[in-house]
Amino acid sequence: MKKLHFIVIKLLVFSALFVVSASGNTVTLDPTFNGTGYRLQTVGAEHASAYSLAIQPDGKMIAAGMTRTASQNDQFFLIRLNADGTPDTSFGSSGSAFSPAGVRAVSWEPRVLIQPDGKILLGATAYIDQQQMYAFIVFRFTSSGVLDTTFNNIGYATGNVPGSFWDICNEMDLGADGKIVLVGQALPTPGQNLDWDIAVMRFTADGLLDTTFDGDGVFRTGTTAADEDASSVLVQADGKIIVGGRETTDREKFLLLRLNANGSIDTSFATGGWNIFQIDFTNNNFTSLARQSDGRILAGGGGKITRFSADGIRDMSFARNGVQSATGTIEQVEIRVIGGDKFMVGTRYGVSRFMPNGAADTNYSAGFNVAGNFCAMRSLAVQSDGKAVLAGYCSDNSTNIEKLAVARLQEKPTLRHLDFTGDERTEMSVFRPSTGQWFYIDLFNLQVTGAQFGTATDRPVPADFTGDGRADIAVFRPSTGEWFVLRSDDGSFYSFRFGTAGDIPVASDFDGDQLADAGVFRPSTNEWFIQKSSGGTIITTFGSAGDKPVPSDYDGDLKTDIAIYRPSNGQWWIYKSSDSGIYAFQFGTSTDKPVQGDYTGDGKTDAAFWRPSTGEWFILRSEDYSYYSIPFGLSDDLPAPGNYSGDSRFDLVVFRPSTNTWHIQPTGGTYFNRVFGTAGDQPLANLLVP
């Protein structure tokens, strides 16, 4: 990272900074899944709920859960759905498979994993009639949904902790060597201390307790002064096992432990192998573990997500003071790491997405419910195309019967314009060249925020470079061709060189990955240079002497199109990203100001201009190429259009320097004005007008 040598970064908050958490992109049920985006299904004779979900490489999904048979015995089940949400009737019996007689399901959550060979593991707690005791159990089914009798000769294997009479399995993971690890808790035989202990079991790929693990395949640890239990597990590539859970003495505390591959405690991890700490007074229990690409560990539970180094030390640079909250729940969470080390968090209420450093990704958040039901989600899986799939149950409000519920979400990106807070609105914002300060006001709650970043000769280029749904403060330095970006997600900055003196900076998402790309238009040669965030560089010649760059998404494919406005004849030339086609039309005169934007709300940019001599706005509808005009503003005003009202349509806006007043006419709304700024301030929305 290049050293920032010219300023001191200083955030100024004039009242408590409040960042609105909103879903910037449109996240909805995916209608290609079962026609409705969800599936409710009866499994067994009465109640049925899914607790775990896995997705096959072919897109089919397997949910594991519990149901009640006609004889009132609880059973484990697997159900497989096709990628379109319909039952896969080739699986098991008409799409479902059940645990065998003599093995009764217990209400602790079953877990499902898919082996690389397509066979399916189901781990859980069961009551074994023959042994008359509770035990850890792991079933293996073939890819067609039949118990695999090559696994321990009967299709399942059980294990008990020596000296325990009640064992509970909470989670399962699969090692690279095919060995299966189950974790949970064990209650000693009456007469001993009655505190729960951590229990870890490892089975071979053939279904036998692995005697190379702590001598008998079972690891148990605990103290006489506290309850401990394991609720999550993550097997590393080297065979070491990370266990997450809780420890309770006077108060509940989060617990993280690492074992060596042979079942001994790894004393190089955290402090002697353990990291035990408290965040809240209750609900301190890690129910999910995940790993980012650099080896750092994400741990979630009790509505919290924390991050640790690969050696088990809490990462205080993560989120705020090392902790992020999963909004709306104090219960268990499930973490799924996705592309770019972002991660999704599922709770009973829905799913949210976070940046790699723990900041909320305001582009994505969604819940799930079905009318006439109470629904609770218990598991989250993410498809290869990024779509989130939730599994749990929905209880009919009239009968209270629980049905299996599986839902799939789809995301439609929403283009944002100068949205610094993530609330889907353009903020009134200014750059103060005299001090290099930025100021913006959140129109939702009138909070004013400021930051010092840049110098008088820098060109402001605010855009969402980090992909969290909020515009980052950024500048382009013409004298050196350097870009400096102040990250909205954690307040750090970075810089890079791209461009040269005389270039006009154009920051926008040219490759459609929801990250702004650094770009420049070089008037001396009419060349465009675009450094794609997804990798690679676009270099193309488009335009002629005197043209002004007006890039935007004119064809509605969520990629910015290269485009110019030619003042000499009022022509617009657009190079479409969707099909590489070029089209041109005349709209405007030499003295008009291009103010392109989506004024009609159809997802495509409308060509538009503001005429200073009359204060009129002219907008060419992208739908049918008809136009309309509206007088709004005076000759000395500065046009500053944007989506200030948050309805996905650009509004007519002018900034009046003589009074530092913003005049806003929302599209389809009521006019209002507000004083914001001082003499010499430059409204950011106007700086984007060529």
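Summary of the structure given here. (Residues numbered from 1 in each chain as written. Predicted model: local features only at pLDDT ≥ 70, side-chain atom pairs only at ≥ 80, totals over all residues. Heavy atoms only, no water.)

### Observations concerning the pairing of strand β6 (residues 74-81)
Alright, step 1. Burial analysis of β6 places 7 of its 8 residues in the buried class, which makes it a mostly covered element.
Alright, step 2. As judged from the 8 bridges shared by strand β5 (residues 61-68) and β6, these two strands associate in the antiparallel manner. Following the sheet pairing, I62 is matched in β6 by R80.
Alright, step 3. Of the pairings in the sheet, the one linking β6 to strand β7 (residues 96-98) comprises 3 bridges and is antiparallel in character. By the bridge assignment for β7, L78 is matched with A97. (Buried < 20%, exposed > 50% of the residue type's maximum accessible area, 1.4 Å probe, protein only. Helix = DSSP H or I, 4+ residues; strand = E, 2+ residues; numbered from the N terminus. Pairing = 2+ DSSP bridges.)

### Quick word on the nonpolar core
Alright, step 1. Among the nonpolar cores identified, the biggest contains 27 residues, and M428, F453, Y644 and W662 are the most heavily contacted of them.
Alright, step 2. At the level of secondary structure, the elements contributing two or more residues to this core comprise β32 (428-432), β33 (437-442), β36 (473-477), β37 (482-486), β52 (652-656), β53 (661-665) and α1 (684-687).
Alright, step 3. Considering every element that reaches this core, the biggest residue donor is β33, with 4 residues.
Alright, step 4. Judged by nonpolar contacts, the second largest core, of 22 residues, contains Y51, V112, A124 and F139. (Core = buried A, V, L, I, M, F, W, Y, C linked by side-chain atoms within 4.5 Å.)

### Comments concerning the packing of aromatic side chains
Alright, step 1. Summed over all chains, the structure comprises 33 aromatic pairs.
Alright, step 2. Judged by centre distance (5.8 Å) and plane angle (55 degrees), the rings of Y38 and F368 are tilted. You can see Y38 sitting in strand β3 (residues 38-41) and its partner F368 sitting in the loop between β28 (360-367) and β29 (373-382), a full 330 residues away along the chain.
Alright, step 3. Assessed through its relative accessible area of 8%, F368 is described here as buried.
Alright, step 4. Note that R314 overlies the ring of F277, its terminal NZ or CZ placed 4.4 Å from the centroid. (Phe/Tyr/Trp six-rings, centres within 6.5 Å; stacked < 30°, edge-to-face > 60°. Lys NZ or Arg CZ within 6 Å of the ring centre and 35° of its normal.)

### What to know about the sheet that holds strand β50 (residues 627-631)
Alright, step 1. Judged by pairing direction, the sheet is antiparallel, and its 4 strands sit side by side in the order β47-β48-β49-β50 without closing on themselves. Here the strands that pair on one side only, and so sit at the sheet edges, are β47 (593-594) and β50.
Alright, step 2. Judged from the 5 bridges that link them, strand β48 (residues 607-611) and strand β49 (residues 616-620) form a sheet pairing that is antiparallel. When the sheet's bridge partners are listed, W610 is paired in β49 with W617.

### With respect to the pattern of salt bridges
Alright, step 1. Inspection of the entire model under this criterion finds 37 salt bridges.
Alright, step 2. One salt bridge in this structure joins D148 and K119, with 3.0 Å as the shortest N-O distance. Placement of D148 in the loop between β11 (133-141) and β12 (156-159) and of K119 in the loop between β9 (111-114) and β10 (120-128) is noted, with a sequence separation of 29 residues between them.
Alright, step 3. Owing to a relative accessible area of 23%, K119 belongs among the partly exposed residues under this scheme.
Alright, step 4. Where D197 meets R220, a salt bridge forms, and the shortest distance between an N and an O atom there is 2.9 Å. With D197 in strand β15 (residues 197-203) and R220 in strand β16 (residues 218-221), this pair connects stretches of sequence that are 23 residues apart.
Alright, step 5. Taken together, the salt bridges that share partners define one network made up of E109, R111, E171, E334, R336 and R378. (Salt bridge = Lys/Arg side-chain N within 4 Å of Asp/Glu carboxyl O.)

### Digging into unusual backbone geometry
Alright, step 1. With phi around 50 degrees, A319 is a residue other than glycine that occupies positive phi space.
Alright, step 2. One can find A319 in the loop between β23 (304-308) and β24 (323-325).
Alright, step 3. Phi at D341 takes a positive value of approximately 70 degrees, unusual for a residue other than glycine.
Alright, step 4. Here D341 shows up in the loop between β25 (334-337) and β26 (343-347).

### What to know about the side chain of D229
Alright, step 1. Relative to the elements of secondary structure, D229 occurs in strand β17 (residues 227-235).
Alright, step 2. Given the relative accessible area of 6%, D229 is considered buried.
Alright, step 3. Polar side-chain contacts of D229 include one of 3.1 Å to the side chain of S231.
Alright, step 4. Side-chain polar atoms of D229 contact the side chain of R246, separated by 2.8 Å. (Polar contact = N/O pair within 3.5 Å; in protein donor to acceptor, adjacent residues only side chain to side chain.)

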